[in-house]
Amino acid sequence: MTIAPAPGSTSRSNILAYLVAGAYFMEMLDGTVVVSALPQMAESFGVQPIDLNIGISAYLLTLAVLIPASGWVADRYGPRAVFGWAIVIFTAASILCGLSTNLWFFTAARILQGVGGALMVPVGRLIVLRNTAKSDLMRAIAVITWPGLAAPVLGPPVGGFLATYATWHWIFFLNVPLGLLGFVLTMRLIPSGQAEGAKPFDVLGFILVGAACFGLMYGLDLISRQNSSMPLAALWLAASALVAAVAVWHALRAAHPLVDPWALRIRSFAVTIWGGSLFRTAIGAVPFLAPLMFQLAFGLDAYQAGLLVLWVFAGNISMKPFTTAVLRRFTFRQVLIGNGLLNAILISSYALLTPATPVPLICALLFASGLTRSMQFTALNTIAFADVPEARMSGANTLFNVAQQMSFGIGIGVGAAALRLAELWFPGEPGKLPLVDFQIAFGFIGLLAFVAILDMVGLDARAGTELRIKRAGAK
């Protein structure tokens, strides 16, 4: 699948980066746009709003389980063909989601969407990596990863608007024109390349990684359900941890592991996997919990709740022009620790909000949270591949994508589980959740954000120095 960048191909690599970013935006938006419409969808399906967590988690879980195989599939069938078919599958599944009449049909359609998403973005990311000169690589990665910041906070207001002024079905039909446009641009812009002989498929590694991811997400889902068995959920989580340990043991000994852990030897990469995953888990829970709190505890409608969450996106956008200057002035270690502390404090502050809190103060908190969220996300994604050798870039990319998708999925699962546990202690009326349940959930998510910083304390102060200088000169 390797495609060497042609001389003078900077403009083409930029175009490819924006195309893949557009696909990533569509995928990430679809993963969060349903949050504001959960009460309406739950009423339509005849279930509780929090029960729809299984539909969201199934989508993100499918991404995490199948992403490890994306590189092998692209090598076997060719990157452009795989990327194009992934867009087709994703778009067709979106139509099925919009036509869903019950929770299980919706969940099945979301799994099919996950199949398309698992191939769409990782393969597109590899295409960009292998069509981009080393000097332009970090800029291309920044373009690709930006939708990961924008989509999760744009999703709630978009979903709230459609659920309030149309119907929730249009949340998914919105992907149809985007998918058609993406497919046409793929056929026109992505080099055809040639399918290469793929390495032997690591069947055992695929089964182990998939089983570990499934067990973790299913265990969290059991905790979030009403009348579920907590011992059974604990058993699933313990079994998932055991299988994960076996998967790591296998990957360290396999000749061609599907998920190559080699890059974890590099501290600047490892910090984006361990501490970075905890951070992404925390910020992944916020777009799930905040709209529900504003609707179920504050009494706002879906659109009003979405507009409030939009202030997080405003913070993301406002911070973007200053990230380079911050990274030039401070080391990555200083940024990740100092900004990480601010982010953890602000997430914890969500637990102090009440319906009596002045709206400008709520907006200010959400805006500040968006500022720190953007800075931390950008710093982690920038330093991730700074010290990874070219020969190990593909394996590091696969591992990074698995960790990123899994942590966002875990964020939603952890948020739902925290709500359910809080509800056991402080039950509310049927179909409603008291404010104290959300306060407990946000307190727990804030604690995760604090724990994430511990991993970053051990980062070398010189980590990413060369990259910081290059970025400063490039800007």
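Think of each chain on its own: its residues are numbered from 1, step by step along the sequence as written. Only residues with pLDDT of at least 70 get local features here, since the model is predicted, and only at 80 or more are side-chain atom pairs given and counted; chain-wide, interface and lining totals rely on the full set of residues. With hydrogens and water excluded, all non-hydrogen atoms of the structure serve as input to the side-chain values.

**A few points about the overall build of the protein**
Tallying secondary structure elements over the protein gives 18 helices and zero strands in all. Think of it in three bands: with a 1.4 Å probe and only protein chains considered, a residue is buried below 20% of the maximum accessible area for its type, exposed above 50%, and partly exposed in between. Here the protein holds 475 residues, and 58% of them are scored as buried. Look at the contacts in the protein between residues 6 or more apart in sequence, and 84% of them connect residues 24 or more apart. With an accessible surface of roughly 18,500 Å², the protein has 70% of that area assigned to carbon and sulfur atoms. Helix and strand labels come from DSSP, where a helix needs a run of H or I of at least four residues and a strand needs a run of E of at least two; each type is numbered from the N terminus. A contact between two residues is defined here by any heavy atoms of the two lying within 4.5 Å. What sets the accessible areas is the Shrake-Rupley method with a 1.4 Å probe; for residues, cover comes only from the shown protein chains.

**Section: the pattern of salt bridges**
The rule for a salt bridge is simple: a side-chain nitrogen of Lys or Arg has to be within 4 Å of a carboxyl oxygen of Asp or Glu. A full pass over the atoms with the stated rule returns three salt bridges. Taking the shortest distance from any N to any O, the salt bridge between Asp 455 and Arg 267 comes out at 3.3 Å. Of this pair, Asp 455 sits in helix H17 (residues 435-457) while Arg 267 sits in helix H11 (residues 267-297); the two residues are 188 residues apart in sequence, bridging distant segments of the chain. When its relative accessible area of 33% is taken as the criterion, Arg 267 is described as partly exposed. Note that Glu 423 and Arg 420 form a salt bridge whose closest N and O atoms lie 2.3 Å from each other. Of this pair, Glu 423 and Arg 420 both sit in helix H16 (residues 393-425), separated by three residues, roughly a single helical turn. According to the relative accessible area criterion, Glu 423 is buried, its value standing at 14%.

**Looking at the packing of aromatic side chains**
When two rings of Phe, Tyr or Trp (its six-membered ring) have centres within 6.5 Å they constitute a pair, described as stacked for plane angles under 30 degrees, edge-to-face for angles over 60, and tilted for the intermediate range. As enumerated under the stated definition, the model contains 14 aromatic pairs in all. When the centroid spacing of 5.7 Å and the interplanar angle of 65° are considered together, the rings of Phe 106 and Phe 172 count as edge-to-face. Remark: Phe 172 occurs in helix H7 (residues 170-173) and Phe 106 occurs in helix H5 (residues 103-129); sequence separation between them is 66 residues. The exposure class assigned to Phe 106 is buried, which follows from its relative accessible area of 1%. The class of Phe 172 is buried, set by a relative accessible area of 0%. Through pairs of rings, three or more aromatic residues link up here, namely Phe 45, Phe 106, Trp 168 and Phe 172.

**Points about H11**
Expected span of a helix: the number of residues minus one, times 1.5 Å. For H11, with 31 residues, the first-to-last C-alpha span of 42 Å sits near the 45 Å given by 1.5 Å per residue. At Gly 276, H11 is bent by approximately 45°, the largest bend along its length. Counting buried residues along H11, 27 of its 31 residues qualify, which places the element largely inside the surrounding structure. The first or second residue beyond H11 is Gly 299, which carries a positive phi of 85°. One axis fitted to the seven residues ending at a residue, another fitted to the seven starting there: the angle between these axes is the bend at that residue.

**Thoughts on the confidence of the model for the protein**
The pLDDT averaged across the protein works out to 83; a share of 89% of its residues lies at or above 70. For every residue, the predictor states its confidence as a pLDDT score lying anywhere from 0 to 100. Mean pLDDT values for the elements of the protein range from 51 in helix H18 (residues 465-474) up to 95 in helix H14 (residues 332-349). Contacts of residues 1-8 to residues separated by more than four positions or lying in other chains number 17 contacts, the stretch itself having pLDDT below 50.

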